[in-house]
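# Summary of the model geometry
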Amino acid sequence: MEKETNLLQTRQIAYESLFSGECPDQLQPEFNEIGLAGLWRVFSQKFGRNSIELRNLLDTVPSKVATILTEHDELARSATDSNEAIFSMIDPTDTLNNVSDITSCVIGIWEKALFKNSEEPIFSKSKDKISEETDKRVRLVHFQTPESLVIETAAVVMQVLPIWSETPFNPSKADKTNLAQILANWGPGFLKQWMDGTILNKWIEKQSIADTEAQEYNEIFTPGLLKHFVINNISDPLAILDKVAKNLAFMTDEVLAEYLEWTEEEVKEILTPGLRKRFAVNNISNPLDALDKFAANLDLLSDEVLIECLGWSESDVIEKLTPGLRKHIAVRYSSDPLAAVIDYIEGNIPYSNKRLNSENKSKYS
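First things first, this report covers the structure right here in the doc.

Scoring rules and cut-offs
- Residues numbered from 1 in each chain as written.
- Predicted model: local features only at pLDDT ≥ 70, side-chain atom pairs only at ≥ 80, totals over all residues.
- Heavy atoms only, no water.
- Helix = DSSP H or I, 4+ residues; strand = E, 2+ residues; numbered from the N terminus.
- Buried < 20%, exposed > 50% of the residue type's maximum accessible area, 1.4 Å probe, protein only.
- Polar contact = N/O pair within 3.5 Å; in protein donor to acceptor, adjacent residues only side chain to side chain.
- Contact = heavy atoms within 4.5 Å.
- Phe/Tyr/Trp six-rings, centres within 6.5 Å; stacked < 30°, edge-to-face > 60°.
- Lys NZ or Arg CZ within 6 Å of the ring centre and 35° of its normal.
- Core = buried A, V, L, I, M, F, W, Y, C linked by side-chain atoms within 4.5 Å.
- Expected span 1.5 Å × (residues − 1).

### Focus: the side chain of Asn-117
With respect to the secondary-structure elements, Asn-117 resides in the loop between helix H4 (92-116) and helix H5 (146-164). Classification of Asn-117 by relative accessible area gives buried; the value is 19%. Here Ala-113 takes part through its backbone oxygen, which lies 2.8 Å from a polar atom of the side chain of Asn-117. Sequence-distant contacts of Asn-117, that is, excluding residues within four places in its chain, are made with Phe-31, Leu-39, Phe-43 and Ser-44.

In structure tokens:
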């Protein structure tokens, strides 16, 4: 098979060879037809030490990627009318380094996937030897030049950086690392649909959730929270949606009243929907642990304890340390709520009545 060299003509093929099967609702391609992201996510062993051969291969990736992107950017800025340039950097001084870093990380992960599946690496010198007879046994990516694969990956990085990072022209080290991991496992289509709530809403639809409840889910899962979840559950982010939903469904008035030995009226008054969502989201593995700590902290902040600790009168404690403030301290300063009370009195902790209700949203917005 003769390989195309025109980047514009081969973009779609290059994209498919990298990201085919990237969205959860897509039909899962077969092993030989899935993109490199799927090969890594679905079919590759991720544990164990890298061999010397693999480490040596990975060591060469950053310099090769940087060379390709530098030459491509120079070509894009030249006066030559070339089909080999599909984008150029806005500010190559900073942008080129950041895009190159992320692209190198993604390509390195894919090289590892190919290596672990005993397939030719991206930067292989034997690609030209591929023939019609081997077409059915060779991955689509092997018909693409390394330049095509690197540049298409870099184009994707530039496309999604503004969606992922608040500072796309100067992303943090964590943002670069996490973005590379997500692209290497899924792809830009998945990332866009995850961050804009499309995947969430498809999941909601499958659960046959009522419109009013669906709206609540969309309010809970802010873009920042979705980002938090996908970073920590890259291989199966949908599972985290299921877990949060189970937590919220479990935390009914009746269950919480029995567990905490409170009345249902106390549960409704103290454990507002926003606070339950906070526990369900921030303590996914066991929200009851967070409830135990919260209830213990409220006991520490009772009128009796505060009167003794502060030497105040009962009326001063009730007037100056409101239930809302105590609840705020019990949640936000759980390690030492009494010390936090002192800090509040000394003016070191700001507080407003709306603060606690907005925290779950603002933390991840």
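Still to come is the rest of the account.
### Section: the packing of aromatic side chains
Considering all chains together, one arrives at 7 aromatic pairs under this definition. Measuring from ring centre to ring centre gives 4.4 Å for Trp-186 and Phe-190, while their planes differ by 15 degrees; the resulting arrangement is stacked. Trp-186 gets classed as buried once you look at its relative accessible area, which sits at 6%. Residue classification places Phe-190 among the buried positions, given a relative accessible area of 0%. Taken together, the ring pairs in this structure connect Tyr-15, Phe-19 and Trp-110 into an aromatic cluster. Lying over the aromatic face of Trp-186, Arg-41 brings its terminal NZ or CZ to 4.1 Å of the ring centre. Against the face of Trp-312 rests Lys-320, its NZ or CZ located 5.2 Å from the ring centre.

### A word on the nonpolar core
Grouped together as the largest cluster of nonpolar side chains are 68 residues, with contacts concentrated most on Leu-69, Trp-110, Trp-194, Phe-221 and Phe-229. For this core, the leading source of residues is H5, giving 10 residues. Each residue touching Trp-194, except ones within four places of it in the same chain, is listed here: Ile-199, Leu-226, Lys-227, Phe-229, Val-230, Pro-237, Leu-238 and Leu-241. Counting residues in hydrophobic clusters, the runner-up holds 28 residues, among them Val-267, Ala-280, Ala-290 and Val-331.

### Section: helix H6 (residues 173-185)
One full turn of an α-helix is made of 3.6 residues, so residues set three or four places apart face in the same direction. With 13 residues, H6 ought to run about 18 Å at 1.5 Å a step, and its terminal C-alpha atoms sit 19 Å apart, in line with that. Immediately downstream of H6, the backbone of Gly-187 shows phi near 145 degrees, a positive value.

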